[in-house]
Amino acid sequence: MDFTLPDSALAVQRGIADICSRYDLDYWQRCESEKRWPEEVWAELAKGGWLGLAVPEEYGGGGQGLLELAVATETLSASGSAGGSAFTYVLTPGFGALTLARHGSQWQREQLLPKLATGEVETCFALTEPDAGSNALGISTFARRDGDEFVVKGQKIWITGVQRATWMLLVTRTVPAAEAKPRTNGMTVLLVNVPEAVAAGQLSFQPIPKMGANTTPSNMVFIDDLRVPAANVVGEVDQGAVVLWDILNPERILLAASALGGAEVALRVAVQYAKEREVFGRPIGANQAIAFPLAQVKAKIELARLMLYKAAWLFDQRMPCGTEANIAKLTASQAAWEAADHAFQTHGGMAYSLEYPVARLLADARIGKVAPVTEELLLNYLATQVLGLPRSF
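Position numbers for residues count from 1 along each chain, tracking the sequence in the order it is written. Since the coordinates come from a predicted model, pLDDT governs what is reported: local features require at least 70, and pairs of side-chain atoms require 80 or more to be given and counted, while whole-chain, interface and lining totals use all residues. Only hydrogens and water are set aside; all other atoms, that is, all heavy atoms of the structure, feed into the side-chain values.

> Account for the overall build of the chain, with residues named and values stated.
In terms of helices and strands, the chain carries 11 helices and 10 strands. Throughout, the radius of gyration refers to the C-alpha atoms, and the reference size of a globule is 2.2 Å times the residue count to the power 0.38. Taking 21 Å as the expected radius of gyration for a compact globule of 393 residues, we find that the chain reaches 21 Å, a close match to that expectation. The dimensions of the chain, computed from C-alpha atoms along their principal axes, are 80 × 50 × 45 Å. Think of it in three bands: with a 1.4 Å probe and only protein chains considered, a residue is buried below 20% of the maximum accessible area for its type, exposed above 50%, and partly exposed in between. Burial analysis of the chain (393 residues in total) assigns 54% to the buried set. Accessible surface area values rest on a Shrake-Rupley calculation with a 1.4 Å probe, where residue burial reflects the displayed protein chains alone. Only carbon and sulfur atoms are counted for the fraction: they give 55% of the accessible area of the chain, which is about 17,300 Å². Note on charges: Lys and Arg go in the positive column, Asp and Glu in the negative column, and His and the chain ends are not counted at all. Taken as the charge centre is NZ of Lys, CZ of Arg, CG of Asp or CD of Glu, depending on the residue. Across the chain, the centroid of the 34 positively charged side chains sits 4 Å from that of the 42 negatively charged ones. Numbering of helices and strands runs from the N terminus; a helix is a DSSP stretch of H or I covering at least four residues, while a strand is a stretch of E covering at least two.

> Would you mind going over the UniProt feature "domain: Acyl-CoA dehydrogenase/oxidase C-terminal" (unreviewed entry) in the chain in detail, with residue names and values included?
UniProt positions are given in the numbering used here, feature names are shortened, and annotations may be inferred rather than shown by experiment. When the UniProt feature table is mapped onto this chain, "domain: Acyl-CoA dehydrogenase/oxidase C-terminal" (unreviewed entry) is found at residues 239-386. Helix makes up 77% of residues 239-386 and strand 3%, and the two end C-alpha atoms of the span are 25 Å apart.

> Just give me the short version of the pattern of salt bridges, but keep the residues and values in it.
Think of a salt bridge as a Lys or Arg side-chain nitrogen and an Asp or Glu carboxyl oxygen that are within 4 Å of each other. Counted according to the given criterion, the structure contains 17 salt bridges. The salt bridge involving aspartate 18 is made with arginine 22; its shortest N-O contact spans 3.5 Å. Judged by relative accessible area, which is 44%, aspartate 18 ranks as partly exposed. Among the ionic pairs, glutamate 375 bridges to lysine 369, the shortest N-O distance being 2.8 Å. Here the salt bridges share partners, and the residues they tie into one network are Glu74, Glu264, Lys298, Glu302 and Arg305.

> Describe the environment of valine 228, naming the residues involved and giving the relevant values.
Mapping valine 228 onto the fold places it in strand β7 (residues 218-229). Here valine 228 falls in the buried class, since its relative accessible area comes to 2%. For valine 228 and alanine 97, which are 131 residues apart along the polypeptide, the C-alpha to C-alpha distance reads 20 Å.

> Break down a nonpolar patch on the surface for me, citing the residues and quoting the values.
A patch is a set of surface residues, each over 30% in relative accessible area and not in a salt bridge, joined within 9 Å for like charges and within 5 Å for the nonpolar side chains Val, Leu, Ile, Met, Phe, Trp and Tyr. A cluster of nonpolar side chains, contributed by Met1, Phe3, Leu303 and Leu306, occupies part of the molecular surface with about 580 Å² of accessible area. Looking at the secondary structure, you find phenylalanine 3 in the segment before α1 (7-20). Overall, the relative accessible area of 63% leaves phenylalanine 3 in the exposed class.

> Describe the nonpolar core, and please don't skip the residues or the numbers.
In this text, buried Ala, Val, Leu, Ile, Met, Phe, Trp, Tyr and Cys residues form a nonpolar core when linked through side-chain atoms within 4.5 Å. Counting 102 residues, the largest nonpolar core has Phe125 and Leu308 as the members making the most contacts within it. Tallying contributions element by element places helix α7 (residues 240-276) first for this core, with 19 residues. For phenylalanine 125, the residues in contact, after removing those within four places along its chain, are Phe95, Ile159, Leu169, Val171, Leu244, Ile247 and Leu248. One finds Met168, Val192, Leu203 and Ile223 within the second-largest nonpolar core, a separate group that totals 20 residues. Note on definitions: a residue-residue contact is assigned when non-hydrogen atoms from the two residues lie within 4.5 Å.

> Quick rundown of the packing of aromatic side chains? Include the residues and the values.
Geometry of an aromatic ring pair is reported as the spacing of the ring centres plus the angle between the planes. Only Phe, Tyr and Trp rings take part, Trp by its six-membered ring, and two of them pair if their centres are within 6.5 Å. Stacked means planes under 30 degrees apart, edge-to-face means over 60, and tilted covers everything else. Applying the stated criterion across every chain yields a total of 6 aromatic pairs. Plain terms: the ring middles of tyrosine 23 and tyrosine 27 are 4.8 Å apart, the flat faces sit at 55° to each other, and that makes the pair tilted. Ring geometry for tryptophan 37 versus tryptophan 42: centroids 5.2 Å apart, planes at 75°, classification edge-to-face. Across the pair, tryptophan 42 and tryptophan 37 agree in class, each one buried. Put simply, the rings of Tyr23, Tyr27 and Trp28 pair up and form one aromatic cluster. Here the basic side chain of arginine 366 rests over the ring of tryptophan 337, its NZ or CZ set 5.5 Å away from the ring centre. Put simply, a charge is over a ring when the Lys NZ or the Arg CZ is close to the ring centre, within 6 Å, and near the line of the ring normal, within 35 degrees.

> So what's going on with the environment of glycine 49? Which residues, and what values?
Counting through the fold element by element, glycine 49 comes out in the loop between α3 (39-47) and α4 (66-103). On the basis of relative accessible area, glycine 49 is assigned to the partly exposed category, the value being 34%. Linking glycine 49 and alanine 274, residues 225 residues apart in sequence, is a C-alpha distance of 38 Å.

See below:
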């Protein structure tokens, strides 16, 4: 077993870290408080070719895999952006480029991958619905075939990045969930041209006010007789679950990477404060009540990172990675929350001050315990699918 990162991943780590070294915690705090996209960082990522890591070389990209994307996401997050802001990297390199490189048609790859590699085109992903929540197979957004087009009607929620997206990967039902046998059948993934759909009055969105991660707005999305060419199907009609798992597993892995980076930021901030803050004549970090929880966080970060890299490697080898992706997401999110919580406790009352980044880190870390899938559902998967325990429903 070789635990060293390949040269390709190390090069990504160095390149992303070099860009991020020019943007400190105050920069990310301003982006959050102003609720604005980190345009400066995004422009540098695009200029350096870092948005096209997963785009095959013949389409102008780096020809790398999910492992390199995970390292890039983790490095961006650990630089100071933390979990919420690092999501900017997941939307296009993860949802768009990685998915189309594996499942896109020849037309889709030729038209979109070169533009995804340069950042000229951006993407978002639309799955979650108000009534379905984490029950991905229970969605009701329906795509009805009408000649060479599909006509789509439905509603989505918590869809991030619609404002900037040129294309949306929209998950629909082409067979109602109640009629699909097995339940994974009858799903179809469509590529939707967002500006055209909005201009036609067939798609609209409304931002959701939220407690954190405001560099990337999330939205309610309303779909009203949206017409999508059949050529825009990603994968095969009614067999979209195959594509969906290759979106959801990388999503879990990349958000685990984002959470791990956020944990590193919170731990770094806590350790620095614990070294500098003196009470009763000594640094507070000399107290075991402060030091030991931070040491525990460090151990949990390193353990979660092992599973993160394993899950990404398995995906790149086209091997089953669902269990590993879920464990990576579960443990990384837990490490991020504990890191932020202990950073808050280490700062004491000063954690409430927005002069420090702790409040932002805490809000970002809390996301991972409920999104994109709740901690309870991850545990349920491990209990029933891995341990073989009886299902509760």
